[in-house]
Amino acid sequence: MSPGGAGCSNGLLLTVGWLLLAGLRSACGTNVTAVQDPSLAPEGEGENEGENEGEEEAENEAEAESEDVSNNTAVKEVEFGMCTVTCGVGIREVILTNGCPGGESKCIVRVEECRGPVDCGWGRPISESLDSVRMACTHISPVNRFKYIWKLLRPEQQPVILANDSAILEVRREVRPLVFECDTLDNNEIVASIKFTVYTTSELQMKRSSRPDTDAVLVFVLTIGVIICIFVIFVLIFIIINWGAVKSFWGEKSSSTEIPSELSSVRYKDSTSLDQSPTEIPGTEDDALSEWNE
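Residues numbered from 1 in each chain as written. Predicted model: local features only at pLDDT ≥ 70, side-chain atom pairs only at ≥ 80, totals over all residues. Heavy atoms only, no water.

### A few points about the overall build of the chain
Right, so step 1: For the chain, the count of helices and strands is 4 helices and 11 strands.
Right, so step 2: For the chain, the proportion of its 294 residues judged to be buried stands at 15%.
Right, so step 3: In the chain, the proportion of contacts linking residues at least 24 apart, taken out of those at least 6 apart, comes to 53%.
Right, so step 4: About 22,700 Å² of surface is accessible on the chain, with carbon and sulfur atoms providing 60% of the total. (Helix = DSSP H or I, 4+ residues; strand = E, 2+ residues; numbered from the N terminus. Buried < 20%, exposed > 50% of the residue type's maximum accessible area, 1.4 Å probe, protein only. Contact = heavy atoms within 4.5 Å. Areas by Shrake-Rupley, 256 points an atom, 1.4 Å probe, with all protein chains shown as cover.)

Quick look at the structure:
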């Protein structure tokens with residue numbers, strides 16, 4: 001080989017070597033960055049994600065606490081009125097005690113259902129005559145919301161369920177007294193139960209006739225008492241309005257009573273002096289006779 005060819009080959013080898021070294025360095029650099037990025041990135045991202053999760057949990061806890069506080073405040077600001085019934089199903093008012101419009105201290109928010117004991121005991125018919133009786137089950141509006149079961153109760157026997165399923169039952173009086181019971185159901189649950197006694201016509205007449213006649217006497221006594229109370233009130237009002245005239249009248253009356261008392265005392269004194277004068281006269285006569293004798 002010639003010296004020129006050897007120099008060319010050496011230069012070519014050097015060039016190829018530099019190219020290979022550059023390629024290896026670039027490849028190693030990309031691998032290093034690829035390896036380092038997974039190790040570094042999760043640390044920063046993990047810290048950021050942990051901080052974000054902590055902040056979200058704190059915010060959720062704060063919101064839950066605020067909701068609990070608001071719920072407790074709402075419970076404290078609401079009152080419930082009295083139920084309209086003492087048994088069965090009725091309604092009651094929900095009253096707001098804070099935050100009412102117009103600056104009012106209390107206001108009605110809504111009306112809701114309320115319930116009492118199921119057993120309502122014995123009821124009274126809504127209307128009755130000598131021939132028939134009308135009875136009503138315990139219910140509230142709307143009437144068709146509930147289911148009604150009427151039963152005829154018999155002593156020591158199973159009750160007879162009637163075909164009537166309405167809230168009102170009208171029956172005629174029989175030769176013997178009858179006992180009816182009505183169950184009010186809501187979603188197949190008994191919410192009220194009431195009983196009625198239907199007397200016979202003769203029993204009803206006897207019951208009405210056997211009532212004492214104290215009603216008329218009581219009305220008379222109450223009327224007289226009211227009239228007397230009104231009269232006393234008017235007299236007191238008259239005395240208060242005309243107090244000066246009443247005072248002068250009583251003053252004149254008291255003075256007129258004092259004058260006869262003074263006259264009577266004077267008369268008493270005169271009578272006592274007259275009674276004592278005859279006893280004094282003989283003493284003076286004896287003195288005059290004794291002086292004349294001397």
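After that view, the rundown keeps rolling.
### Quick word on the nonpolar core
Looking at soluble globular proteins, one finds that nonpolar side chains tend to be buried together.
Right, so step 1: If you look at the biggest cluster of nonpolar residues, it comprises 22 residues, and the most contacted ones within it are Met-135, Trp-150, Val-171, Phe-180 and Val-198.
Right, so step 2: The element that contributes the greatest number of residues to this core is strand E11 (residues 189-198), accounting for 5 residues.
Right, so step 3: For Phe-180, the contacting residues outside a window of four places in its chain are Met-135, Trp-150, Lys-151, Leu-152, Leu-162, Leu-169, Val-171, Ile-194, Lys-195, Phe-196 and Val-198. (Core = buried A, V, L, I, M, F, W, Y, C linked by side-chain atoms within 4.5 Å.)

### Focus: the sheet that holds strand E1 (residues 78-80)
Right, so step 1: Read from one edge to the other, the open sheet built from 3 strands follows the order E1-E2-E3, with strand pairing classed as antiparallel. Taken across any chain shown, the strands that pair with only one partner, and hence form the sheet edges, are E1 and strand E3 (107-115). Pairs of neighbouring strands in the sheet enclose a mean axial angle of 25 degrees, with direction left out of account.
Right, so step 2: Across 8 bridges, strand E2 (residues 89-96) lies against E3 in antiparallel orientation. Residue pairing for E3: Gly-90 is matched across the bridge by Cys-114. (Pairing = 2+ DSSP bridges. Axes fitted to C-alpha atoms, helices over the stretch in contact; angles between N-to-C directions.)

### Description of the side chain of Thr-184
Right, so step 1: The residue Thr-184 is located in strand E10 (residues 178-186) in this model.
Right, so step 2: Here Thr-184 is in contact with Cys-137, Thr-138, Phe-146, Lys-147, Tyr-148, Glu-189, Ile-190, Val-191 and Ala-192, once residues within four sequence places are set aside.

### Regarding the UniProt feature "transmembrane region" (unreviewed entry) in the chain
Right, so step 1: This chain's UniProt record puts "transmembrane region" (unreviewed entry) on residues 216-241.
Right, so step 2: The straight-line gap between the two end C-alpha atoms of residues 216-241 is 38 Å; of that span, 100% is helix and 0% is strand. (UniProt positions renumbered as here; feature names shortened; annotations may be inferred.)

### Regarding the sheet that holds strand E9 (residues 168-172)
Right, so step 1: Strand order in the open sheet formed by 3 strands is E5-E6-E9, with antiparallel pairing between adjacent strands. Each edge of the open sheet is held by one strand with a lone partner, namely strand E5 (127-128) and E9.

### Some details on the state of the cysteines
Right, so step 1: For the structure shown, the criterion picks out 4 disulfides.
Right, so step 2: A sulfur-sulfur distance of 1.9 Å marks the disulfide that ties Cys-83 to Cys-114. The disulfide joining Cys-83 to Cys-114 has a torsion of about 85 degrees about its S-S bond and is therefore right-handed. Placement of the pair is Cys-83 in the loop between E1 and E2 and Cys-114 in strand E3, with a sequence separation of 31 residues.
Right, so step 3: Across the chain, the disulfide pattern expressed with sequentially numbered bonded cysteines is 1-5, 2-6, 3-4, 7-8. (Disulfide = S-S within 2.5 Å.)

### Describing a nonpolar patch on the surface
Right, so step 1: On the surface, Val-217, Phe-220, Val-221, Ile-224, Ile-227, Ile-228, Phe-231, Val-232, Val-235, Leu-236 and Ile-240 cluster together to form a nonpolar patch covering roughly 1,100 Å² of accessible area.
Right, so step 2: By the element assignment, Phe-220 lies in helix H3 (residues 214-241). (Patch = residues over 30% accessible without salt bridge, like charges linked within 9 Å, V, L, I, M, F, W, Y side chains within 5 Å. Salt bridge = Lys/Arg side-chain N within 4 Å of Asp/Glu carboxyl O.)

### Description of the pattern of salt bridges
Right, so step 1: With the rule as written, the count across this model stands at 10 salt bridges.
Right, so step 2: As a salt-bridge pair, Arg-173 and Glu-128 come within 3.1 Å of each other at their nearest N and O atoms. Remark: Glu-128 occurs in strand E5 and Arg-173 occurs in the loop between E9 and E10; sequence separation between them is 45 residues.
Right, so step 3: Residue class for Glu-128 comes out partly exposed when judged on its relative accessible area of 44%.
Right, so step 4: Across the pair Asp-186 and Arg-145 runs a salt bridge, and its minimum N-O distance is 3.1 Å. With a gap of 41 residues between them, Asp-186 in strand E10 and Arg-145 in the loop between strand E6 (132-136) and strand E7 (147-153) connect regions that are remote in the sequence.

### With respect to unusual backbone geometry
Across residues other than glycine, the phi torsion is negative in most instances, and most of the peptide bonds are trans.
Right, so step 1: For the bond running from Ser-141 to Pro-142, omega is -5 degrees, close enough to zero to count as cis.
Right, so step 2: For Pro-142, the position within the fold is in the loop between E6 and E7.
Right, so step 3: Backbone geometry at Glu-156 places phi at a positive 60 degrees, although glycine is not the residue there.
Right, so step 4: With respect to the helices and strands, Glu-156 occurs in the loop between E7 and strand E8 (160-161).

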